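Fold and geometry: a report
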Amino acid sequence: MIEVRSVSVLVLLLAVSASCCLGFGFVLQQNAAQKAPLGDFLSFRLLLDLMRVPRWLGGIALMVAGMVLGAVALGKGEISLVEPLLATNLLFALALSRHQTRQPLGRQGWTGLALLAGGVTTFIVAGEPRAGSAVTDPVRHWLIIGGMVGAALLLTTYAKRSRLNWGPVLLATAAGLLYGVQDALTRVSGTRFSAGGFAELVTGWQPYGVLALGVTGLVLVQSAFETAELRMSLPALTAAQPLAGILCGVGFLGDRLRTDTGALAWEAAGLAAIVAGIVLLGLHPAMPCGAADAEPARDLQPH
C-alpha cells in the first residue's frame with residue numbers, strides 16, 4: 001500500500017509539473033504566434049518564422065519540458081489518471097495571463113477553477129484508474145487511432161474554410177485529439193523501451209507516430225494561436241486532449257475504470273465539470289486577446 005501511494009504521489013507531482021510547463025509555454029507561444037504573418041496559416045513555414053522569436057523558443061522549451069515530464073508520468077501511471085491532471089495546465093496559463101493583464105479572477109475565474117479542480121478529483125476518485133492488460137488486437141488500435149486522426153483531419157478541413165471565425169477552435173480541437181493519441185503512443189513507446197531497450201523502441205512504428213503527431217499538432221496549435229486570442233483556442237485544446245487520451249487508455253491500453261452505475265455517473269459528472277471549468281477559465285478576461293493589437297505587427301513581418 002505504501003508503494004502504491006508513493007507511486008501515485010510521484011505521478012501526481014510529475015503530471016502537475018508537466019501542466020505548469022505546458023500552461024506557461026502555451027501563453028508564451030501565443031504571445032509570439034499572434035504576430036506572425038497570416039500567409040503562414042497551416043504551413044510549416046510558420047514554425048520557421050517563429051523560430052526567430054526568442055519568446056516563442058522559450059515557450060517551446062517549456063512545452064518540451066512539459067511533454068518530457070508528462071511522458072515520465074505516463075510511464076509510471078495510467079493514462080486515465082495522468083490526462084485529467086494534465087488538463088490543469090489551463091490554471092497555470094491563466095496565472096501567467098493574469099500576471100500579464102492584471103485582471104482579477106472574479107466569480108468566473110473562481111468558479112472555473114473550482115469546477116476544473118473538482119472535476120479532476122471526482123473523476124479520479126470515482127473511476128479509480130488502474131492498469132490492466134493492453135489489447136493485442138491491432139484492429140481496435142487502428143479503429144480508435146484512425147477515428148481520432150480522421151476527426152482531426154475533418155476539423156482541420158473545416159477550419160481552413162472559416163479560419164478567422166470558428167477556425168481557431170476547430171484547429172485547437174484537432175490538435176487536442178492528436179495530442180491525446182500522441183500521449184497514448186508515448187506510453188506504448190515507453191513500455192517497448194522498458195521491455196527491450198533502444199533497439200526494441202526504434203523497431204516499432206510508435207515513436208515515429210509520436211514525432212509525426214507532435215509536429216502536426218504543433219502546426220495546428222500555432223495556426224490557431226496566430227489567428228485568434230488564447231481564450232478561443234486553449235480551452236478546446238485542453239478539453240480535447242484528455243478526452244482523447246482517456247478513450248485510448250480504456251480502448252486499447254488496458255486502463256480500467258470502475259463501471260458500476262454510481263461510479264460511471266460520477267465519472268461522467270467529473271468529466272463534464274472538467275470541460276465546464278476549462279471553458280470558463282479559457283473565456284476569462286485575464287486570457288490575453290491580442291489579436292487586434294497584433295495586426296500592425298503582422299505588417300512588419302516578412303511574407
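Reading the values: rules and limits
- Residues numbered from 1 in each chain as written.
- Predicted model: local features only at pLDDT ≥ 70, side-chain atom pairs only at ≥ 80, totals over all residues.
- Heavy atoms only, no water.
- Core = buried A, V, L, I, M, F, W, Y, C linked by side-chain atoms within 4.5 Å.
- Buried < 20%, exposed > 50% of the residue type's maximum accessible area, 1.4 Å probe, protein only.
- Helix = DSSP H or I, 4+ residues; strand = E, 2+ residues; numbered from the N terminus.
- Contact = heavy atoms within 4.5 Å.
- Axes fitted to C-alpha atoms, helices over the stretch in contact; angles between N-to-C directions.
- Parallel < 35°, antiparallel > 145°, perpendicular 65-115°, else oblique.
- Left-handed = near helix turned anticlockwise from the far one by under 90°.
- Nonpolar A, V, L, I, M, F, W, Y, C, P; charged D, E, K, R; others polar.
- Salt bridge = Lys/Arg side-chain N within 4 Å of Asp/Glu carboxyl O.
- pLDDT = per-residue confidence, 0-100.
- Phe/Tyr/Trp six-rings, centres within 6.5 Å; stacked < 30°, edge-to-face > 60°.

Another point: the nonpolar core. In this structure, Leu234 and Leu237 are the most contacted members of the largest nonpolar core, which totals 74 residues. It is helix H8 (residues 167–202) that provides the largest number of residues to this core, a total of 13 residues. Dropping the residues within four chain positions of it, Leu237 is found in contact with Phe26, Ala172, Ala175, Gly176, Tyr179 and Val221.

In the contact formed by helix H4 (residues 79–86) and H8, the axes pass within 11 Å of each other and the chain directions differ by 135 degrees. By the angle between their directions, the pair H4 and H8 is classed as oblique. Considering how the two elements wind past one another, H4 and H8 form a crossing that is right-handed. Residues Ile79, Glu83 and Leu86 of H4 form the contact with H8, whose own contacting residues are Gly180, Asp183, Ala184 and Arg187. In terms of residue class, the contact of H4 with H8 is built from three nonpolar, one polar and three charged.

It is worth spelling out the environment of Ala244 at this point. Here Ala244 shows up in helix H10 (residues 230–251). In sequence terms Ala244 and Thr227 are 17 residues apart; their C-alpha atoms lie 24 Å from each other. Beyond its immediate sequence surroundings of up to four residues, Ala244 is in contact with Met148, Gly176, Leu177 and Gly180.

This part covers the side chain of Gln206. Tracing the sequence through the fold places Gln206 in helix H9 (residues 206–227). Look at Gln206 and you get buried, because its relative accessible area is 10%. The residues contacting Gln206, other than those within four sequence positions of it, are Leu185, Val188, Ser189 and Arg192.

The contact between H8 and H10 brings their axes to 7 Å, and the two run at 30 degrees. Between H8 and H10, the angle is such that the two are roughly parallel. In terms of crossing hand, the pair formed by H8 and H10 is right-handed. Taking contact as the criterion, the partners of Pro168, Val169, Ala172, Thr173, Ala175, Gly176, Leu177, Tyr179, Gly180, Val181, Asp183 and Ala184 in H8 are, on H10, Met232, Ser233, Ala236, Leu237, Ala240, Gln241, Ala244, Gly245 and Cys248. Taken together, the residues of the contact of H8 with H10 sort by class into 14 nonpolar, six polar and one charged.

On to the pattern of salt bridges, then. For the structure on display, the rule yields five salt bridges. Arg192 is paired through a salt bridge with Glu200; the nearest N and O atoms lie 3.4 Å apart. Owing to a relative accessible area of 33%, Glu200 belongs among the partly exposed residues under this scheme. One salt bridge connects Asp260 with Arg258, and the closest N-O pair in it is separated by 3.3 Å. One connected set of salt bridges, linked through shared partners, spans Glu128, Arg258 and Asp260.

For the rest of this paragraph, the subject is the environment of Pro207. Among the structural elements, Pro207 can be located in helix H9. Pro207 sits 22 residues away from Leu185 along the chain, and the two C-alpha atoms are 7.1 Å apart. Not counting the four nearest positions on each side in its chain, Pro207 is found in contact with Ser189 and Leu201.

Right, let's get into the confidence of the model for the chain. Keep in mind that low pLDDT regions are not for reading the predicted coordinates in detail. Summary statistics for the chain give a mean pLDDT of 83 and a share of 91% for residues scoring 70 or more. Low pLDDT, under 50, characterises residues 1–6; the stretch is placed with zero contacts to residues that sit more than four places away or in other chains. In this model, residues 290–303 is a region of pLDDT below 50 whose contacts with residues beyond four sequence positions or in other chains number 18 contacts.

Under the defined criterion, the tally for this structure stands at three aromatic pairs. Measuring from ring centre to ring centre gives 6.2 Å for Phe26 and Phe225, while their planes differ by 75 degrees; the resulting arrangement is edge-to-face. Placement of the pair is Phe26 in helix H1 (residues 2–33) and Phe225 in helix H9, with a sequence separation of 199 residues. Considering the side-chain rings of Trp142 and Trp205, the 4.8 Å spacing of their centres and the 25 degrees angle between planes classify their relative orientation as stacked. Here the residue Trp142 occupies a position in helix H7 (residues 138–161), and Trp205 occupies one in the loop between H8 and H9, the gap between them amounting to 63 residues.

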